[in-house]
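Chain and residue survey
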Amino acid sequence: MWTPTEEEKYGVVICSFRGSVPQGLVLEIGETVQILEKCEGWYRGVSTKKPNVKGIFPANYIHLKKAIVSNRGQYETVVPLEDSIVTEVTATLQEWASLWKQLYVKHKVDLFYKLRHVMNELIDLRRQLLSGHLTQDQVREVKRHITVRLDWGNEHLGLDLVPRKDFEVVDSDQISVSDLYKMHLSSRQSVQQSTSQVDTMRPRHGETCRMPVPHHFFLSLKSFTYNTIGEDTDVFFSLYDMREGKQISERFLVRLNKNGGPRNPEKIERMCALFTDLSSKDMKRDLYIVAHVIRIGRMLLNDSKKGPPHLHYRRPYGCAVLSILDVLQSLTEVKEEKDFVLKVYTCNNESEWSQIHENIIRKSSAKYSAPSASHGLIISLQLLRGDMEQIRRENPMIFNRGLAITRKLGFPDVIMPGDIRNDLYLTLEKGDFERGGKSVQKNIEVTMYVLYADGEILKDCISLGSGEPNRSSYHSFVLYHSNSPRWGEIIKLPIPIDRFRGSHLRFEFRHCSTKDKGEKKLFGFAFSTLMRDDGTTLSDDIHELYVYKCDENSTFNNHALYLGLPCCKEDYNGCPNIPSSLIFQRSTKESFFISTQLSSTKLTQNVDLLALLKWKAFPDRIMDVLGRLRHVSGEEIVKFLQDILDTLFVILDDNTEKYGLLVFQSLVFIINLLRDIKYFHFRPVMDTYIQKHFAGALAYKELIRCLKWYMDCSAELIRQDHIQEAMRALEYLFKFIVQSRILYSRATCGMEEEQFRSSIQELFQSIRFVLSLDSRNSETLLFTQAALLNSFPTIFDELLQMFTVQEVAEFVRGTLGSMPSTVHIGQSMDVVKLQSIARTVDSRLFSFSESRRILLPVVLHHIHLHLRQQKELLICSGILGSIFSIVKTSSLEADVMEEVEMMVESLLDVLLQTLLTIMSKSHAQEAVRGQRCPQCTAEITGEYVSCLLSLLRQMCDTHFQHLLDNFQSKDELKEFLLKIFCVFRNLMKMSVFPRDWMVMRLLTSNLCFLLANQTNDACGKGLAHLVSLYSAEGYLASTL
């Protein structure tokens, strides 16, 4: 018995069915079916290709898919519950299949093979989407690739161009004609940008600047295949930039036993790390994964006589490298872990150990050798994108494997408030030591300690690499018989901030004898303080430290005995009269070199910045310190952004009258620093600070006062650089003002509300005053007005937090109305004024119907003036397109009728006149040159035709009736009709829209007939023949 289906409503045919049973429905593989009833292994339904033909077919021939069913019953509709782009790919491939075969028949072999390649790519991309294993960014990228390939194929097959928004096909009835035109234009540009093979995609232009997405490398050591060492080993992985010749990441340490397994049994299958915070710029570097293998054992690997068996030394063994650029493409495509084998090479000469990785990369084969063909590291790599929270959320299994977070040396692209870091990276560079009367050179081991001011050794402040616990001492590897060792080993010192001041490093040098006793004899030491007397830290540089003689009998219990000595040349020059110690004598022929790099959000190497952060220690120098903030590098400012801002507002609260203007100038400087493209991605950091950390409840009063004072001075001052800087910083100044007022209101339960509103109104009066000044003879004032107009639309969202929509709209209307008309300002200012209006229309404020009722008249007034004078047509068309888009989106609101009426009265006639002028110019240039002017035809004509069509489409019967009733005479009506039908006639003849823009062409024809019907009903018989003539001509032109 046949019963209606409840869940089985939609499916795909997975095996062709010939319909060889009574009432059988013929189905081809790949078709989609709508299922109506079921009975004992059979379905009754229809094919979506032929929805009028019902039949039965086997249930096991159908792969069911989820769907949304509406209007259940006899006339139900079924929509598949899948990504619309997946459905489009499926339908498009079915359509292309028959056309593709025809290409072969017509001997279009080149296109035949190209299309086959594209179809295979679409199938693979569709499979990736359906897998459900992609991140949001990856889904977006896959959809972008799909749409470009779909548009490419449709164009080359002569099919219609499909308008899309956010990669999905749009319903032309739901958007304005202007938006539809822009979508067609965007799709066409996308096709033109793709190559003929469509395997190289260029980035789209015009995308807004977003916070950079960090990249991360997940690395896992699978095994170390070797059989010749027979000793424990330490394997250090790091990222190395060959072009700059430096390591860019911390080291990841894996400790292995002599059998090749982890020394700690708990780390089996957990020897993995995540190299974090790599920027897009880093990914373009010549990066390598470098693995240094250090063995732990005898001095010489194959000589058991060298050294006693109970003493183990860290000795260099081998190195392996892997080029990131060589594997990046495969890692991007695979989206999962991929295995690689790194061949381990040994150094032929230990004195060149510090350069072994460079020699391997350069293929200087004379300097290294391979001990065994099967000697290598097996690792797996995976490329991940996104912030750490996203990575943890999307890859939970990775973090369950004892993952070692391995950070970048230095800071990531963005340092968010609350990200506290205090790491000192020390590189043991080299040393030059005397032979000391020995017949052979020494085997030198360096031992390092971190000591506090009281001489206590700081525990767990030395890290050899991520993945292993910190330790209290460090022992370098030993280079055999070398008095001038070159180590190049990087050690991380995670010293607590409260212990940093007063701490110092001590390096002890020992000769490791290979005789029977195997003694390690102390022969010298060096030291270095971590902070200088002025409070700044050790600079990021190479430091040559003095080496002092000592022996095993020397004691370091009293550290003051050597801390009073100069540790380097700078110390000696600063204190030349320090008496030499009777205990420790400097060895003038010996030297020791280290380099340091500080990654700290709390410690600085800049004297001026330190003076600002510690201003309370020198209150009489505050004015000088604030003035010198401009000389601090941008890198230091963004690194200490939260601390600097906190300090500025504390100073402001301390003495507003004395320091108010200087703090305001410093704040403006910092805000404009973040406008620089180099630091633009730190703007979210500023936003987070304002919302979550800013505490200046009284700051708004002084900020408003200073801002108003700047604007009031703009008419008097000759040099206005500082005023222009303040105008450019307007957005964040208002963010601080509004947030400060919110904090004050919370603390005082809304006190002084009227005073605040009054001060904002006075501030807007000053803004209007600046804009109303005549700047034709003053280039300086012109730049000030331009800076103000550029920043003005950015403050609307902040004002909406404190004022109603109507109040903010009144502020804006008064400001826009204060601008001089287009005939009284120069062309450059004209452009700035229109750009400000455009950003106003695109703002959230304009989306409210209450504000549009207030703002639309002044916006239309400025547009009308420009169209009358034929000035800045492209910018005007963009503004009109945005208005029509908003009105179409809000078409269900009652106020839209009034807005459309307003636009008809202000724009319709001038739009028609503008189009006629543009078309006549295009015809004239075509006659002279013999071809069309692409600038006039493609850009301006298309824009204004879409604007005209948008307006006509929004008009209802009432609007048409009001329009026709407003004509005072029959001659005026006739002139209007002639004008509009001339536009449509020229439009059809010029073919503004390409032949594959079928949606736009049909919409144009539809609106022609709509207008013809409206005018035909409203006019007498005397004009009916005119209407019929033009509508018939338009129809013929659009369909041929």
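Above this text is the structure in question.
To start, this report covers the structure provided alongside it. Nothing here was measured: the structure is a model prediction, and the numbers come from that model.

Observations regarding the overall build of the protein chain
When helices and strands are counted, the protein chain shows 34 helices and 30 strands. Counting only residues that meet the buried cut, the protein chain has 52% of its 1040 residues in that class. Taking as baseline every contact in the protein chain between residues at least 6 positions apart, the subset at least 24 positions apart corresponds to 74%. Of the roughly 49,000 Å² that the protein chain leaves accessible, carbon and sulfur atoms contribute 50%.

As for the packing of helix α20 (residues 721-728) against helix α23 (residues 779-791)
Axis separation between α20 and α23 bottoms out at 8 Å; the angle between their running directions is 15°. Classified by the angle their axes make, α20 and α23 are roughly parallel. Here the hand of the crossing between α20 and α23 comes out left-handed. Packed against α20, whose contacting residues are Ile723, Gln724, Met727 and Arg728, the element α23 presents Thr780, Phe783, Thr784, Ala787, Leu788 and Ser791 at the interface.

Concerning the layout of surface pockets
Its volume calculated, the second largest pocket comes out at about 720 Å³. Gln247, Thr427, Glu429, Gly488 and Ile490 are, among the 29 residues lining the second largest pocket, the residues nearest its centre. By residue number, the principal contributor to the lining of the second largest pocket is strand β26 (residues 486-493), which donates five residues. When grouped by side-chain class, the residues that make up the lining of the second largest pocket number ten nonpolar, twelve polar and seven charged.

A closer look at the packing of aromatic side chains
Under the defined criterion, the tally for this structure stands at 41 aromatic pairs. Taken together, a centroid distance of 4.9 Å and an interplanar angle of 65° make the contact between Phe509 and Phe592 edge-to-face. Linking Phe509 in strand β27 (residues 504-512) with Phe592 in strand β30 (residues 586-600), this pair joins segments that are 83 residues apart in sequence. Phe592 matches Phe509 in its accessibility class, with the two residues each being buried. Between Phe694 and Phe736 the ring centres are 5.2 Å apart and the planes differ by 80°, which places this aromatic pair in the edge-to-face class. A residue pair is termed long-range when its members are at least 10 positions apart, and Phe694 in the loop between α18 (683-692) and α19 (699-712) and Phe736 in helix α21 (residues 730-748) qualify at 42 residues. Since its relative accessible area comes to 0%, Phe736 is described here as buried. Ring-pair connections join several aromatic residues into one group, and the members of that group are Tyr700, Tyr744, Phe756, Phe764, Phe792, Phe796, Phe803 and Phe811. Of note, Arg44 hangs over the ring of Trp2, and the distance from its end group to the ring centre comes to 4.4 Å. Its guanidinium or amino end placed over the ring of Phe236, Arg251 lies 3.9 Å from that ring's centre, counting from NZ or CZ.

Observations regarding unusual backbone geometry
In this structure, Gln23 takes a positive phi of about 65° despite not being glycine. Looking at where Gln23 falls in the secondary structure, it is placed in the loop between β2 (10-13) and β3 (32-39). Gln23 sits in the exposed class, given a relative accessible area of 58%. The residue Glu40 is not glycine, and still its phi comes out positive at about 50°. Topologically, Glu40 is positioned in the loop between β3 and β4 (42-47).

Overview of the sheet that holds strand β29 (residues 542-549)
A sheet is described by the order of its strands in space; here eight strands give the open sequence β25-β24-β27-β28-β29-β30-β23-β26, paired in antiparallel fashion. A single partner strand is all that each edge strand has here, and the edge strands are β25 (473-475) and β26. The sheet shows a mean angle of 25° between the axes of neighbouring strands, taken without regard to direction. Of the strand pairs in this sheet, β29 and β30 are connected by six bridges, and their pairing is antiparallel. In the strand pairing of β30, Glu544 is matched with Phe593.

Some details on the side chain of Gln128
Considering the arrangement of structural elements, one finds Gln128 in helix α2 (residues 109-131). Residue Gln128 is classed as buried on the basis of its relative accessible area, which comes to 17%. Ignoring anything within four residues of it in the chain, the contact list for Gln128 reads Leu134 and Val142.

A few points about the sheet that holds strand β21 (residues 376-385)
The strand order across the open sheet built from five strands is β18-β21-β11-β15-β22, with neighbouring strands paired in mixed fashion. The open sheet has two edge strands, β18 (338-343) and β22 (404-406), and neither has a second partner. Across the sheet, the mean angle separating the axes of adjacent strands is 30° when strand polarity is ignored. Of the strand pairs in this sheet, strand β11 (residues 215-225) and strand β15 (residues 272-278) are connected by five bridges, and their pairing is antiparallel. Residue Leu219 lies in a different strand from β15, and its bridge partner there is Ala273.

Quick look at a nonpolar patch on the surface
On the surface, a nonpolar cluster with roughly 280 Å² of combined accessible area is contributed by Ile68, Val79 and Leu81. Turning to its location among the elements, Leu81 is positioned in the loop between β8 (77-80) and α1 (84-105).

Quick word on the nonpolar core
Soluble, globular proteins show a tendency: their nonpolar side chains are buried together. If you look at the biggest cluster of nonpolar residues, it comprises 157 residues, and the most contacted ones within it are Ile670, Phe736, Met903 and Tyr944. Here this core takes 13 residues from helix α29 (residues 895-929), the largest share from any one element. Ignoring sequence-local partners within four residues, the contact set of Met903 consists of Leu856, Leu860, Ile883, Phe884, Val887, Leu908 and Leu951. Listed in part, the 63 residues of the second largest apolar core include Met448, Phe477, Val547 and Cys567.

Here's the deal with the pairing of β8
Side-chain alternation along β8 places Val78 and Pro80 on a buried face and Thr77 and Val79 on a face that remains uncovered. Relative to β8, strand β7 (residues 67-70) is paired through four bridges, and the arrangement is antiparallel. Pairing of Ile68 across the sheet is with Val79, part of β8. Connecting β7 to the antiparallel partner β8 that follows it, the hairpin turn spans six residues, and Asn71 within it adopts a positive phi of roughly 60°.

As for helix α22 (residues 753-772)
The end-to-end C-alpha distance of α22, which contains 20 residues, comes to 29 Å, matching closely the 28 Å that a straight helix rising 1.5 Å per residue would cover. Considering only its buried residues, α22 is in contact with α19, α21, α23, α24 (796-799) and α25 (805-818).

Here's the deal with the pairing of β11
Burial of β11 is extensive: eight of the eleven residues sit out of reach of the surface. Note: β11 against β21, ten bridges, orientation antiparallel. Paired with Thr225 across the bridge in β21 is Gly376.

So, a negative patch on the surface
On the surface, Asp540, Asp541, Glu544 and Glu570 cluster together into a negatively charged patch. In this fold, Glu544 is placed in strand β29.

Thoughts on the environment of Met802
The topology assignment puts Met802 in the loop between α24 and α25. Excluding its chain neighbours within four sequence positions, the residues that come into contact with Met802 are Val738, Arg741, Ile742, Phe756 and Arg757.

What counts and what doesn't
Residues numbered from 1 in each chain as written. Predicted model: local features only at pLDDT ≥ 70, side-chain atom pairs only at ≥ 80, totals over all residues. Heavy atoms only, no water. Helix = DSSP H or I, 4+ residues; strand = E, 2+ residues; numbered from the N terminus. Buried < 20%, exposed > 50% of the residue type's maximum accessible area, 1.4 Å probe, protein only. Contact = heavy atoms within 4.5 Å. Areas by Shrake-Rupley, 256 points an atom, 1.4 Å probe, with all protein chains shown as cover. Axes fitted to C-alpha atoms, helices over the stretch in contact; angles between N-to-C directions. Parallel < 35°, antiparallel > 145°, perpendicular 65-115°, else oblique. Left-handed = near helix turned anticlockwise from the far one by under 90°. 1 Å grid on protein atoms, 1.4 Å probe; cavity = no way out; pocket = protein on both sides within 12 Å on 5 of 7 lines; lining within 4 Å. Points joined across faces, edges and corners; volume = space filled by probe spheres on them. Nonpolar A, V, L, I, M, F, W, Y, C, P; charged D, E, K, R; others polar. Phe/Tyr/Trp six-rings, centres within 6.5 Å; stacked < 30°, edge-to-face > 60°. Lys NZ or Arg CZ within 6 Å of the ring centre and 35° of its normal. Pairing = 2+ DSSP bridges. Patch = residues over 30% accessible without salt bridge, like charges linked within 9 Å, V, L, I, M, F, W, Y side chains within 5 Å. Salt bridge = Lys/Arg side-chain N within 4 Å of Asp/Glu carboxyl O. Core = buried A, V, L, I, M, F, W, Y, C linked by side-chain atoms within 4.5 Å. Expected span 1.5 Å × (residues − 1). Lys, Arg positive; Asp, Glu negative; His and termini not counted. Charge placed at Lys NZ, Arg CZ, Asp CG, Glu CD.

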